[in-house]
Amino acid sequence: MTAQILVASIIGGLMGIVSHMNKRGRLEKPRMTKRFIYLGFYEDLVIGTIAAIMLVISSEPQSSLQLILLSIIAGYSGEAVLRSFTFSTQQDQPEVPSSKKCPSHKPPLP
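To start, this report covers the structure provided alongside it.

Let's talk about the pattern of salt bridges
- Throughout the structure, instances matching the rule amount to 3 salt bridges.
- Between Lys23 and Asp44 there is a salt bridge, with the nearest N and O atoms lying 3.4 Å from each other. Placement of Lys23 in helix α1 (residues 2-24) and of Asp44 in helix α2 (residues 41-59) is noted, with a sequence separation of 21 residues between them.
- You can call Lys23 partly exposed: its relative accessible area is 46%.

Notes on a nonpolar patch on the surface
- On the surface, a cluster of nonpolar side chains totalling about 390 Å² of accessible area is made up of Val7, Leu65, Ile68, Leu69 and Ile72.
- Here the nonpolar patch gets 4 residues from one element, more than from any other, and that element is helix α3 (residues 64-76).

Side note on the nonpolar core
- Formed by Ala8, Ala51, Ala52, Leu55, Val56, Leu67, Leu70, Ala74 and Val81, the largest nonpolar core amounts to 9 residues.
- Among the secondary structure elements, those contributing two or more residues to this core are α2 and α3.
- A per-element tally of this core places α2 first, with 4 residues.
- Contact partners of Ala51, with chain neighbours within four places excluded, come to Ala74, Gly78, Val81 and Leu82.

Examining the packing of α2 against α3
- At a minimum axis distance of 8 Å, the contact between α2 and α3 shows a crossing angle of 140°. If you check the angle between α2 and α3, you find them oblique. Crossing of α2 over α3 shows right-handed handedness. On α3, the residues touching Gly48, Ala51, Ala52, Leu55, Val56 and Ser59 of α2 are Leu67, Leu70, Ser71, Ala74 and Gly75.
- Residue composition of the contact of α2 with α3, by class: 7 nonpolar, 4 polar and no charged.

Some details on α1
- Spanning 23 residues, α1 covers 33 Å between terminal C-alpha atoms, matching the ideal 33 Å at 1.5 Å per step.
- On the buried face of α1, the contacting elements are β2 (37-38), α2 and α3.
- Directly after α1, the chain includes Gly25, whose backbone phi takes a positive value near 90°.

A short note on the environment of Leu67
- As for its position among the elements, Leu67 is in helix α3.
- The class for Leu67 is buried, based on a relative accessible area of 7%.
- Taking C-alpha positions, Leu67 is 8.2 Å from Val7, a pair spaced 60 residues apart along the chain.

Scoring rules and cut-offs
- Residues numbered from 1 in each chain as written.
- Predicted model: local features only at pLDDT ≥ 70, side-chain atom pairs only at ≥ 80, totals over all residues.
- Heavy atoms only, no water.
- Salt bridge = Lys/Arg side-chain N within 4 Å of Asp/Glu carboxyl O.
- Helix = DSSP H or I, 4+ residues; strand = E, 2+ residues; numbered from the N terminus.
- Buried < 20%, exposed > 50% of the residue type's maximum accessible area, 1.4 Å probe, protein only.
- Patch = residues over 30% accessible without salt bridge, like charges linked within 9 Å, V, L, I, M, F, W, Y side chains within 5 Å.
- Areas by Shrake-Rupley, 256 points an atom, 1.4 Å probe, with all protein chains shown as cover.
- Core = buried A, V, L, I, M, F, W, Y, C linked by side-chain atoms within 4.5 Å.
- Contact = heavy atoms within 4.5 Å.
- Axes fitted to C-alpha atoms, helices over the stretch in contact; angles between N-to-C directions.
- Parallel < 35°, antiparallel > 145°, perpendicular 65-115°, else oblique.
- Left-handed = near helix turned anticlockwise from the far one by under 90°.
- Nonpolar A, V, L, I, M, F, W, Y, C, P; charged D, E, K, R; others polar.
- Expected span 1.5 Å × (residues − 1).

These values are about where atoms sit, not about what they do.
Here it is as structure tokens:
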């Protein structure tokens with residue numbers, strides 16, 4: 001499994017750079033402005049790497065071809081893949097009926 005994660009991270013990072021060049025038209029270097037630090041192609045490299053690793057871990061590919069294809073797809077479309085994973089940060093809370101949400105709201109009269 002460690003070898004699969006290593007391969008996925010390399011391929012995902014390379015595809016993240018390719019995605020960056022496709023979006024921007026060139027390879028943008030990191031730079032610092034007065035308000036923020038722009039990471040340039042490093043941002044897409046990290047996003048592609050993380051997306052490829054997460055997709056490979058969650059899908060457990062059975063062959064090396066499947067591993068390579070999943071890594072290419074996840075690395076190229078990194079942000080979309082990361083958005084597709086659901087990260088639950090809130091406890092499951094019961095749904096409150098809409099009539100009880102707003103106390104000033106009165107149901108219409110028949």
